[in-house]
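# A look at the structure
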Protein chains: 2
Amino acid sequence: VSGLAERLSRVVGRAHVLEDEQLTAAFERDFTGRFAGRASAVVRPGSVAEVREVLRLCAEAGVAVVPQGGHSGLVGGGTPRDGELVLSLRRLDRIEELDEDAAQVTVGAGVILENLQAHVRERGFDFAVDHAGRGSATLGGMAATNAGGPYAVRYGSMRAQVAGVEAVLADGRVVSRLSGLLKDNAGFDLTGLLVGSEGTLAVIARLRLRLVPLLPARVTALAAVPDLERGLELLRRLRAEAPSLQAVDYFHAHGLRRVCERHGLPLPFRADADVYLVVECAARRDPSDELAAVAELATETAVADDERGRAALWAYRELQNETLTALGVPHKLDVSVPVARVPVFERDVEAAVARLTPGAELFLYGHLGDGNVHVNVVGPPLDDQRIDEAVLRLVAGHGGSISAEHGVGLAKTEWLSLSRTPDEIAIMRDLKRALDPQNLLNPRRVLG
Amino acid sequence: VSGLAERLSRVVGRAHVLEDEQLTAAFERDFTGRFAGRASAVVRPGSVAEVREVLRLCAEAGVAVVPQGGHSGLVGGGTPRDGELVLSLRRLDRIEELDEDAAQVTVGAGVILENLQAHVRERGFDFAVDHAGRGSATLGGMAATNAGGPYAVRYGSMRAQVAGVEAVLADGRVVSRLSGLLKDNAGFDLTGLLVGSEGTLAVIARLRLRLVPLLPARVTALAAVPDLERGLELLRRLRAEAPSLQAVDYFHAHGLRRVCERHGLPLPFRADADVYLVVECAARRDPSDELAAVAELATETAVADDERGRAALWAYRELQNETLTALGVPHKLDVSVPVARVPVFERDVEAAVARLTPGAELFLYGHLGDGNVHVNVVGPPLDDQRIDEAVLRLVAGHGGSISAEHGVGLAKTEWLSLSRTPDEIAIMRDLKRALDPQNLLNPRRVLG
């Protein structure tokens, strides 16, 4: 690689080709510690032209490339495994024009979500996708993995926010769709294909993003319901009655107790219930009256419309992950099933986990509005592989996805065939071969 | 083809393989009369399995196939040209399960929009895309062409509504994504790639569609503004202040006068203005107060919240097409530019048309919220080719799309390079070759 490093240095500058282990370390191990591997080098281009030139040189040398954004992914999609070159997009961190007529903004792939949020909120806009990794996740990485989060029930995931990309293929060819056209039927939707392809088809270098209005009046309700069936009934009502609905998250009694114990929080309600929903509406003016169904269908309800009160209600949901992680090394799966199947899927998972690891604690929570269930198992020494297999087979049996939000990366390639037919996998391989015949971009990710 | 016809008859039944010219005629000439050609046969499968078998037999015989829905397209995408086999999807007209938990419905590709609308509205839902062709356009065709319409400013075009498809490739392989998962990051977005690919990559046979709540309170405002710049100012205000905003259409004074003359309608306002906007909001309860900006920024305004009054206001916009068509054979172009560029684009078009065809009448109208301009030229014998070239070059110069809504089909292949870079066209060709190496599905459409 050293001849290549020399040539790369001439493109991006010597300071931006890292080979010293003390500097490359942060790019070589993901923040969970689950994925790690050596990179032959870390290259940090400062412009799209440099990205292009770097990819051309790598293709010439036949060197595999792992594109990396904020390095906050959970499936090993952005961490090197054995000697790939890491292409860090972090220096492409410029927020460009905010187009108020189109309600869009152009950003470099390395812009961090939190920075975009601050920028657009000052100007009366908001960005529709938000999630706990906002302090590190980049917009490029979020697009590459089609990031979701709690507000997808209102606005959709990243794919719905990306009006266009500037992206570079392995051979240096460029897809350049940054005009922000809201209607454009001149040929195939290359942008949509690249979003969610996890860096295997092209490197997203710049993005044109849709914005939504900043909605000042937010109301959050924590609602106890006897079971998930009642939760679904409430969801149906809210979909019909609450256009300002933006989140319907849920968790269970066990998770609630654990969170309250660990954080010294009061239980929110007098009586126990099996299921707790966090319902949120946001509008220009107080949307409380759209939440009538919550009071009607819940056994107990707490409502807040101020920042502190809302955060206190969200905390019961948001502290689930931190709490269960503190109890032991968790085994985590992020899956989705058709919304109507969530109750029966959960019962099947409970039975399977009880059978496989008696005594384990099971935390199930997620985004009910999307059928997105986060399955977490904590407890006695776990056979990760057997739990994965059992849960993911149940997912497949219910017509679900083995990856709702996090992507496939390296972590889930062996299970891909549970969610996709042999025809679909063959078609994806055809597409990969068409755009990256040398298999240089994020090899072995997604398709194995 | 006769041996093939025999084999196809065994698949779909003899009654569904049409070769008699009296029966095939309707499938061979589009409703505008602009595109026509002989089909070697018209085959009408009744199930996805039959679609698959038909495509397999055609691939075996090396016979090209033109998929056809309601045959209401405007760019020759669904009309045979020289001896292709027409695959009519119209018999796949079953509306299947309406899933209230997910707010989705599964339909056959041959379901007509109007029928879907009636079906879901009875059940408290609505379908987000609507357009004048609702009585003939099929959902399959609308997905294949990524149909848009006036409500795209709120809900997006078809791509945003299609949660999944069942589609058959030229070689009989099947993409089957009908679970309606709202979050699914297990591999590439094949559904999104097929939507808008105009039947060149696969035949969409069934669809899983997102539904929106049926919103009973609708308010429509007709607003006169001095110029498009003021129109854009109003659009910005509405984007920020009116979450219930669902349409911002526009037309000009000349079109208004022509409509009023032809239909004996009163002019809506006392004074003349250059630009007229149709602004519509819809919500569960009266959204009138979200329209404050209209009264502030318009010189005159008419508002209606009842069905008849709203239709009367929309008529000024909707009768533009019929009116100009009655004046002579129009030359029509459907393009988009970045929203902020609409005013300068229109001035450029006016100058170009005046130069090329002095004395012609120019009708410009469209969906301002999407930057979607319908350019219509009526008048003295027109040199279509020169007008096309002049207007589409202006579109390209402003970073626009040569096709906003209608697609590329046969009509616009020669102009594709104005909206897509050589790299992008090469990439699209790579994708086409990967999925249809024999070039049997809708050959020459889109990519020429």
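Please refer to the structure placed before this passage.
Now for a quick tour of the structure. Every chain is numbered independently, its residues counted from 1 as its sequence is written. Note on labels: chains are lettered from A, ligands numbered from 1, in written order. Owing to the predicted nature of the model, reporting of local features is limited to residues with pLDDT of at least 70; listing and counting of side-chain atom pairs is limited to 80 or more, with chain, interface and lining totals taken over all residues. Calculation of side-chain values draws on the structure's entire complement of heavy atoms; hydrogens and water are dropped beforehand.

## Notes on the interface of chain A and chain B
Any two residues having at least one pair of non-hydrogen atoms within 4.5 Å are treated as being in contact. Taken together, the contacts link 84 residues of chain A with 84 residues of chain B. Summing both sides of the interface, chain A and chain B together bury roughly 6,700 Å²; the carbon and sulfur share of this comes to 55%. When the area that chain A buries against chain B is broken down by residue, the three leading residues are A:K183, A:N185 and A:F188, summing to 15%. We define a salt bridge as a side-chain nitrogen of Lys or Arg found within 4 Å of a carboxyl oxygen belonging to Asp or Glu. At the boundary of chain A with chain B, the tally comes to 16 salt bridges. Note: buried area is the sum, over both parts, of the accessible area (probe 1.4 Å) each one loses when the two are combined.

## What to know about the side chain of B:R239
Only DSSP runs of H or I reaching four residues or more are called helices, and only runs of E reaching two or more are called strands; each is numbered from the N terminus. As for its placement among the helices and strands, B:R239 is situated in helix α9 (residues 228–241). Summary of the burial criterion: residues with accessible area below 20% of their type's maximum are buried, those above 50% are exposed, and those between are partly exposed, where the area comes from a 1.4 Å probe applied to protein chains only. Positive: Lys, Arg. Negative: Asp, Glu. His and the chain ends are not part of the count. Among buried charged residues, B:R239 stands out as having no salt bridge; its nearest opposite-charge side chain is B:D370, 6.3 Å away. In this structure, B:R239 is in contact with A:E100, A:D101, A:A102, A:A103, A:L182, A:P213, B:V153, B:L245, B:V339 and B:G369, ignoring residues within four places of it in sequence.

## Topic: the packing of helix α16 (residues 422–435) of chain A against helix α16 (residues 422–435) of chain B
Under this scheme, a helix contributes an axis fitted over its contacting stretch, all axes are lines through C-alpha atoms, and angles between N-to-C directions fall in the 0 to 180 degree range. Axis separation between α16(A) and α16(B) bottoms out at 9 Å; the angle between their running directions is 145°. Classified by chirality, the crossing of α16(B) by α16(A) is right-handed. Residues A:I427, A:D430, A:L431, A:A434 and A:L435 of α16(A) form the contact with α16(B), whose participating residues are B:I427, B:D430, B:L431, B:A434 and B:L435. Class assignment for the residues of the contact of α16(A) with α16(B) results in eight nonpolar, no polar and two charged. In this scheme, a crossing is called left-handed if the near helix is turned counterclockwise away from the far one by less than a right angle; it is called right-handed if the turn is clockwise. The classification used treats Ala, Val, Leu, Ile, Met, Phe, Trp, Tyr, Cys and Pro as nonpolar, Asp, Glu, Lys and Arg as charged, and all other residues, Gly among them, as polar.

## So, the packing of aromatic side chains
Residues and elements named next belong to chain A. Working definition: rings of Phe, Tyr and Trp (its six-membered ring) pair if their centres are within 6.5 Å, and the pair is stacked with planes under 30 degrees apart, edge-to-face with planes over 60 apart, and tilted otherwise. In the structure shown here, the tally under the stated rule is four aromatic pairs over all chains. Arranged with centres 6.2 Å apart and planes meeting at 10°, the rings of F269 and Y276 form a pair that is stacked. Note on F269: relative accessible area 10%, which makes it buried. Site record: aromatic cluster; members linked through ring pairs are F251, F269 and Y276.

## Observations regarding the sheet that holds strand β15 (residues 300–304) of chain B
Residue and element names in this part refer to chain B. Two strands qualify as a pair provided that DSSP identifies no fewer than 2 bridges between them. Spatial ordering of the open sheet is given by β15-β12-β14-β13-β17-β18-β16, a layout of seven strands whose pairing is antiparallel. Sheet topology places β15 and β16 (331–336) at the edges, where each strand pairs with a single neighbour. Across the sheet, the mean angle separating the axes of adjacent strands is 15° when strand polarity is ignored.

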